[in-house]
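Topology and contacts: notes
The residues making up each chain are set out below.
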Amino acid sequence: MTPMLTSPPSTHQRIGRLAPSPTGALHVGNIRTFMIAWLQMRSCGGKLLLRIEDLDHPKHKVGADEAIMEELRWLGFDWDGEVLWQSQRQALYEAAFEKLRPQLYPCTCTRADIQRAQSAPHPGEILLYPGTCRSRKPPYPTELLNHPKTAWRLALTPEMHGTFTDGFTGAFTTPAAQCMGDFVVARGHDIAYALAVVVDDAATGVTDIVRGDDILAATPAQVILYQLLGLPLPRFYHVPLVVGSDGRRLAKRHGDTRIATYRQQGAQPGEILTPLARSCGWIGLEERISSLAELLPRFSLTTIPPTPFVFHGL
Ligand code: GLU
Ligand code: ZN
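Residues numbered from 1 in each chain as written. Chains lettered and ligands numbered in written order. Predicted model: local features only at pLDDT ≥ 70, side-chain atom pairs only at ≥ 80, totals over all residues. Heavy atoms only, no water.

It is worth spelling out the packing of aromatic side chains at this point. Taken as a whole and assessed by the stated rule, the structure comprises 7 aromatic pairs. Summarising the aromatic geometry, the rings of Phe164 and Phe236 are spaced 5.5 Å apart at their centres and angled 65 degrees between planes, so their arrangement reads as edge-to-face. Here Phe164, found in strand E6 (residues 164–166), pairs with Phe236, found in strand E11 (residues 235–239); they are 72 residues apart in sequence, far enough to count as distant. By the burial criterion, Phe164 is buried, and Phe236 matches it. When the centroid spacing of 5.6 Å and the interplanar angle of 55 degrees are considered together, the rings of Trp282 and Phe299 count as tilted. Placement of Trp282 in the loop between helix H10 (269–279) and strand E13 (309–310) and of Phe299 in the loop between H10 and E13 is noted, with a sequence separation of 17 residues between them. For Trp282, a relative accessible area of 5% puts it in the buried group. Seen from the ring of Trp152, Arg101 lies directly overhead, with NZ or CZ sitting 5.6 Å from the centre. Taking the ring centre of Tyr129 as reference, the NZ or CZ of Arg153 above it sits at 3.7 Å. (Phe/Tyr/Trp six-rings, centres within 6.5 Å; stacked < 30°, edge-to-face > 60°. Helix = DSSP H or I, 4+ residues; strand = E, 2+ residues; numbered from the N terminus. Buried < 20%, exposed > 50% of the residue type's maximum accessible area, 1.4 Å probe, protein only. Lys NZ or Arg CZ within 6 Å of the ring centre and 35° of its normal.)

Shape descriptors only; they carry no functional weight alone.
Structure below.
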């Protein structure tokens with residue numbers, strides 16, 4: 001049976017999702033974004049789904065997914081329906097890949113090749129692909145078709161800009177050609193994250209996507225995929241990340257901010273949620289909360305500062 005690529009019939013119900021990658025333990029950075037996503041849906045009567053993004057990390061820590069779900073529940077999160085694991089949805093991704101195939105071409109450039117070809121350094125980790133292999137035309141040699149490292153890139157046309165209006169940051173006007181160029185849709189048989197996430201969100205009827213603003217520049221590529229696959233575009237809300245006192249993305253060097261560690265030290269959910277809620281402008285300086293649900297009547301996107309939240313510890 002050909003898997004369905006179209007989303008379920010649209011209803012007025014809003015559907016959000018939490019999409020953790022089981023790459024490690026949950027930390028306060030993940031939780032702040034999840035809080036916003038959870039409250040957005042729970043305060044409007046929408047549904048919230050949970051999807052484990054274990055596609056890029058098939059070998060990832062056994063049990064990390066269970067630990068994430070357990071910690072989320074402990075913090076007061078809940079979700080609706082079945083949990084999805086990306087690693088079990090390969091057939092759906094491959095069907096989408098086949099649909100795109102006429103617009104894809106095989107690329108054999110290495111990262112170093114692309115870096116060398118780049119005229120000016122590009123901000124962030126995304127490399128702007130210069131189009132080196134674009135002139136290749138089918139039929140492609142078998143070794144190229146079957147090679148596990150062949151990158152299948154989308155040949156962007158000027159109409160494919162992927163600009164969109166973000167529900168938090170406003171208009172995002174940098175076209176995909178300037179964000180990443182002809183982006184990768186699959187590498188060998190490994191479907192790229194951008195395609196999987198679009199297929200999944202559309203298949204589950206997601207209408208509202210709250211996630212970290214580190215993904216902002218990768219979003220035009222996803223918008224283009226929605227358009228090419230004929231799927232309705234959800235609304236995106238890219239929210240600021242949590243950073244350490246040095247202004248850099250929260251990481252090990254800032255000390256242990258894992259939820260599991262705070263919990264082992266005897267912290268209660270409210271102690272972890274209080275500074276995060278305060279950083280979103282939902283509670284006052286001296287106020288404390290003891291549960292996520294207490295924030296339901298206070299939720300608003302407009303009180304969240306547009307700048308990263310500097311976390312100094314609990
Ligand atoms: N799994 C991604 C992450 O943990 C989420 C990306 C998304 O929400 O689209 O960063
Ligand atoms: Zn190439």
